[in-house]
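# Structural overview for review
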Amino acid sequence: MTTAAVRGLTYWLFRYRRTWRGSIVISVVNPLFFMIALGLGLGQLIDARTNPQLHGHTYAEFIVPGLLVAAVMQTAFLEAAGPVFQSTRPTGNYRSASATPLRPADIFHGHMLYWLLRAAQNAVLFIAVCACFGAVDLVHGTLLVPIAVLVAVAFCAPASAWAVTVDRPAKLNMMFRFVILPLYMFSGTFFPIEQLPSWLQPVAWATPLWHGIDLARGVALDTATLPMTLVHVAYLAAFTAAGIAFARRNYRRQLYV
């Protein structure tokens, strides 16, 4: 990261001054509804039965890490794909920025810094709401924040690498509908993936979202082991590194004029 990347970050922060109220409301309302509907509603039915997969915890405590990571993943994609696509249009801000001393890598890094800050903000607000319901304590909630940020960059980096090459907005909708939403539903967010059909479980294991959820859930429920923690972190780090490498290449190809 360079000083030029920080200058790119200031542009996105300047834009965020106009929209921060709405984003914060969404970041608070979403976990609030989830906790009321699932934690207090469905959770009471599940907690009435002994379930070894909950490891002695309530269903609300079980789903909070999954909901957090899935929400951060979804927001990371939306924050990266749409704005990057719009920014690469002929009248987009990427085109204007590329006519300045900023290099394509600086433009990408500045935008990525903004994504990291937004992910951290969303994670803190999400955990604060869940803590009010007693679904996570301060210590474990604090540990979940860097995991959420890691998952966010693992998605926003490859999403931006792809979005900078997209020529039609319909492709963004298709990606969200047929990739992001299925990941949300079948990566262990609401239930252990062991309950999926046997042929679908290896597919879930290969997704970065499952690695993020399993890592966060292990930390939150004190069931994490060192080998699996290292596997999860290494997988997400590799996914992030690949995404950043492809993004730097694609930004250079698309923005050099």
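Residues numbered from 1 in each chain as written. Predicted model: local features only at pLDDT ≥ 70, side-chain atom pairs only at ≥ 80, totals over all residues. Heavy atoms only, no water.

The protein chain is annotated in an unreviewed UniProt entry as Transport permease protein of Dactylosporangium cerinum. Quoted verbatim from the Sequence similarities (unreviewed entry) field of the UniProt record, the comment on the protein chain reads "Belongs to the ABC-2 integral membrane protein family." (UniProt positions renumbered as here; feature names shortened; annotations may be inferred.)

A separate point is empty space enclosed by the protein. Under the criterion given, the structure shown has one cavity of 30 Å³ or more. Space inside the largest cavity adds up to approximately 50 Å³. Taken together, Val72, Thr75, Ala76, Glu79, Trp115, Arg118, Ala119, Asn122, Ala152 and Cys156 make up the full set of residues lining the largest cavity. In terms of residue class, the lining of the largest cavity is built from six nonpolar, two polar and two charged. (1 Å grid on protein atoms, 1.4 Å probe; cavity = no way out; pocket = protein on both sides within 12 Å on 5 of 7 lines; lining within 4 Å. Points joined across faces, edges and corners; volume = space filled by probe spheres on them. Nonpolar A, V, L, I, M, F, W, Y, C, P; charged D, E, K, R; others polar.)

Bringing the UniProt feature "transmembrane region" (unreviewed entry) in the protein chain into the picture now. Taken from the UniProt record, the annotation "transmembrane region" (unreviewed entry) applies to residues 20-42, 62-85, 113-136, 142-164, 176-193 and 229-247. In the segment residues 113-136, helix accounts for 83% and strand for 0%; the C-alpha atoms at its two ends are 27 Å apart. Overall, residues 142-164 shows 96% helix and 0% strand. The separation of its end C-alpha atoms is 33 Å. (Helix = DSSP H or I, 4+ residues; strand = E, 2+ residues; numbered from the N terminus.)

Attention now goes to the packing of aromatic side chains. Taken as a whole and assessed by the stated rule, the structure comprises 10 aromatic pairs. Aromatic side chains phenylalanine 77 and phenylalanine 176 sit 6.2 Å apart centroid to centroid with 25° between the ring planes, which places their arrangement in the stacked category. Residue phenylalanine 77 is found in helix H3 (residues 59-87), and its partner phenylalanine 176 is found in helix H7 (residues 169-185); the two are separated by 99 residues along the sequence. The ring of phenylalanine 62 carries the charged tip of arginine 217 above its face, separated from the ring centre by 3.8 Å. (Phe/Tyr/Trp six-rings, centres within 6.5 Å; stacked < 30°, edge-to-face > 60°. Lys NZ or Arg CZ within 6 Å of the ring centre and 35° of its normal.)

Turning our attention to the layout of surface pockets. For the largest pocket, the calculated volume is near 600 Å³. Breaking the lining of the largest pocket down by element, the ones donating at least two residues are helix H1 (3-16), helix H2 (20-47), H3 and helix H5 (104-132). Among the elements that line the lining of the largest pocket, the one with the most residues is H3, at eight residues. Partitioned by chemical class, the residues of the lining of the largest pocket number 13 nonpolar, eight polar and three charged.

The next subject is the pattern of salt bridges. Counted by the stated rule, this structure contains three salt bridges. A salt bridge links glutamate 79 to arginine 118; its shortest N-O distance comes to 2.9 Å. Here glutamate 79, found in helix H3, pairs with arginine 118, found in helix H5; they are 39 residues apart in sequence, far enough to count as distant. Residues glutamate 79 and arginine 118 agree in their burial class; the two are buried. Between arginine 103 and aspartate 106 there is a salt bridge; the shortest N-O distance is 3.1 Å. (Salt bridge = Lys/Arg side-chain N within 4 Å of Asp/Glu carboxyl O. Buried < 20%, exposed > 50% of the residue type's maximum accessible area, 1.4 Å probe, protein only.)

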